[in-house]
2 protein chains.
Amino acid sequence: MTASRGILFVMTGASGVGKGTVRHAAVPELGDVHYSVSATTRPRREGEIDGVHYHFYDVATFERALAEDALLEHAEYVGDYYGTPAAAVDRALEAGRDVILEIELDGARQVKEKREDAVMLFIAPPSLAELERRLRGRGTDTEAKIQRRLERARVELRAVREFDYLIVNDRLEDAVVAFQAVIRAERLRAWRYSEAFVLALQRAT
Amino acid sequence: MTASRGILFVMTGASGVGKGTVRHAAVPELGDVHYSVSATTRPRREGEIDGVHYHFYDVATFERALAEDALLEHAEYVGDYYGTPAAAVDRALEAGRDVILEIELDGARQVKEKREDAVMLFIAPPSLAELERRLRGRGTDTEAKIQRRLERARVELRAVREFDYLIVNDRLEDAVVAFQAVIRAERLRAWRYSEAFVLALQRAT
């Protein structure tokens, strides 16, 4: 309505920090937002649906997508590939829909390089100790995987300054309000409004 | 808590657009925000309280403040002086409180020149015709003053692109949510967090 093109939001934060929970709680009040479903070669967890939580690719399919340059970013993490199919993202943005990507730091950097106007959000845990508690509570990872995720979280936290926004997910309600505020505020940036919209405001009648 | 210094928000928009109404409705949920009370030489309207709605200065007092460089910005508008006493703004920012200034375009530009990090919000009416209805509904201005305000509004609307954010005050509830989103999102900017805060996130315990 006000802008012809959607906004690309990139959400980064450690496994277990609650990115998905924040997003799910925030999005219903935000109107038409497209969530980009990542592709991954990691095994499907109980309850996960192909095409909803992830596109579950086998390794050969993933490597073909890479070869065809069909991914906006990709990373290998804890022995598995993760990536963002570019086509669905581009279609949504061109249709004027905002897009949310939920990706790791390496992927976020790749997106920012390709799409300078991406809005970068970092979701941090209140502390690494709290993140460890959440990872254990989830009960989906081996001890070794938990340790690797914590080490990765420590490394990612050093990159906070590369991001536009930092949201600390301490109380979920607060993090949801914060996330919604970022999306809404970015939509209000003066430069995003079309010239036609601004001219219409100046109409006398 | 997260940042040592408050954020300076500058709110600009035509008389009658509802800046004050939006701000009053938005601020109670925003925690500790300091509203900078302008000084003016215009006559006090019924119900206005000195020091609350404006600091009502006589012309001599205003010109003395100007001579002493005690104003962050000033403007003459429809025959009256308006200005922002700098001291109270600086005290609040240094104490870590966010500050909201509600000022005309000329003043907003002066503040932006002096304070590069000021966050600039433009509040627009849905149309000039709607603004005219609101000004007449307010019933405080002569016909000549209404015409001058409308002409000023037309000029100010051309400057929308100089601002960081544009909020169209069509439905009040929407404008309040939008205003709150801008304040909240700016508080979440990664660069505003203190180094101590970011380091604390990386603590293992």
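Our subject is the structure listed above.
(A) Main features of the overall build of chain A. Of the regular secondary structure elements, chain A holds 8 helices and 9 strands. Relative to the compact-globule value of 17 Å for 205 residues, chain A shows a C-alpha radius of gyration of 18 Å, a close match. Taken along the three principal axes of its C-alpha coordinates, chain A extends 65 × 40 × 30 Å. Residue burial in chain A is summarised as follows: out of 205 residues, 38% are buried. Once local pairs closer than 6 in sequence are excluded, the contacts in chain A between residues at least 24 apart make up 70%.

(B) Focus on the packing of helix H7 (residues 172-187) of chain A against helix H7 (residues 172-187) of chain B. Contact pair H7 of chain A / H7 of chain B: the axes reach a minimum separation of 8 Å and the direction vectors enclose 105°. The angle between H7 of chain A and H7 of chain B places the two elements in the roughly perpendicular class. Counted together, Val177, Ala178, Ala181, Val182, Arg184 and Ala185 of chain A of H7 of chain A and Val177, Ala178, Ala181, Val182, Arg184 and Ala185 of chain B of H7 of chain B form the full contact between these two elements. A breakdown of the residues in the contact of H7 of chain A with H7 of chain B according to their chemical character gives 10 nonpolar, no polar and 2 charged.

(C) Region of the structure containing the packing of helix H5 (residues 128-138) of chain B against helix H6 (residues 143-157) of chain B. All names here are of chain B. Their axes nearest at 10 Å, the elements H5 and H6 cross at an angle of 145°. With respect to the hand of their crossing, H5 and H6 are arranged in right-handed fashion. Contacts from Leu128, Leu131, Glu132, Leu135 and Arg136 of H5 reach H6 at Ile146, Arg149, Leu150, Ala153 and Arg154. Partitioned by chemical class, the residues of the contact of H5 with H6 number 6 nonpolar, no polar and 4 charged.

(D) The nonpolar core, seen in detail. In this structure, Phe9, Val10 and Leu121 of chain A together with Phe9, Val10 and Leu121 of chain B are the most contacted members of the largest nonpolar core, which totals 94 residues. If sequence neighbours within four positions are ignored, phenylalanine 9 of chain A has contacts with Asp98, Val99, Ile100, Leu101, Val119, Leu121 and Ile183 of chain A.

(E) Inspection of the interface of chain B and chain A at higher detail. At the junction of the two partners, chain B supplies 31 residues and chain A supplies 31 residues. Those elements that provide at least two residues to the side of chain B that touches chain A are strand S8 (119-124), H5, H6, strand S9 (165-168), H7 and helix H8 (195-201) of chain B. Counting residues per element, the side of chain B that touches chain A draws most heavily on H7 of chain B, at 6 residues. Split by residue class, the side of chain B that touches chain A holds 22 nonpolar, 3 polar and 6 charged.

(F) Main features of the relation of the copies chain B and chain A. When chain B is fitted onto chain A, the two copies agree to an RMSD of 0.0 Å after a turn of 180° and an axial shift of 0.0 Å. This pairing of chains is accounted for by a two-fold axis. Residue alanine 181 of chain B of chain B places its C-alpha closer to the rotation axis than any other residue of that unit, at 2.1 Å. A share of 100% of interface residues in chain B that are also interface residues in chain A marks the association as one of identical surfaces.

(G) Geometry of the environment of glutamate 130 of chain A. Examined against the element boundaries, glutamate 130 of chain A turns out to sit in helix H5 (residues 128-138). For glutamate 130 of chain A, a count of 14 C-beta atoms within 10 Å translates into the label partly exposed.

(H) Inspection of unusual backbone geometry at higher detail. Although it is not a glycine, aspartate 69 of chain A adopts a positive phi angle of roughly 55°. Along the chain, aspartate 69 of chain A falls in the loop between helix H2 (59-67) and strand S5 (71-77).

(I) Highlighting the sheet that holds S5 of chain A. All names here are of chain A. The strand order S4-S3-S6-S5 describes an open sheet built from 4 strands, whose pairing is mixed. The strands lining the two open edges of the sheet, one partner per strand, are strand S4 (55-56) and S5. Inspection of the sheet shows strand S3 (residues 39-40) paired to S4 by 2 bridges, in the parallel sense. Paired with threonine 40 across the two strands is phenylalanine 56, which belongs to S4. Packing of helix H3 (residues 86-94) onto the sheet brings it into contact with S5 and strand S6 (80-85), and relative to S6 it is tilted by some 30°. Together, S5 and S6 form the strand contacts of helix H4 (residues 105-114), whose direction differs from that of S5 by roughly 160°.

(J) Region of the structure containing the pairing of S5 of chain A. All names here are of chain A. Most of S5 sits inside the fold, with 5 of its 7 residues counted as buried. In this structure, S5 lies alongside S6, joined through 6 bridges in antiparallel fashion. Bridge assignment links alanine 75 to a residue of S6, and that residue is tyrosine 82. Counted along the chain from S5 to the antiparallel partner S6, the turn is 2 residues long, and its residue valine 78 has a positive phi close to 50°.

Cut-off values and rules
- Residues numbered from 1 in each chain as written.
- Chains lettered and ligands numbered in written order.
- Predicted model: local features only at pLDDT ≥ 70, side-chain atom pairs only at ≥ 80, totals over all residues.
- Helix = DSSP H or I, 4+ residues; strand = E, 2+ residues; numbered from the N terminus.
- Rg over C-alpha atoms; globule rule 2.2 N^0.38 Å.
- Buried ≥ 20, exposed ≤ 12 C-beta atoms within 10 Å, placed from the backbone.
- Contact = placed C-beta atoms within 7 Å.
- Axes fitted to C-alpha atoms, helices over the stretch in contact; angles between N-to-C directions.
- Parallel < 35°, antiparallel > 145°, perpendicular 65-115°, else oblique.
- Nonpolar A, V, L, I, M, F, W, Y, C, P; charged D, E, K, R; others polar.
- Left-handed = near helix turned anticlockwise from the far one by under 90°.
- Core = buried A, V, L, I, M, F, W, Y, C linked by C-beta atoms within 7 Å.
- Least-squares fit on C-alpha atoms with pLDDT ≥ 70 in both.
- Pairing = 2+ DSSP bridges.

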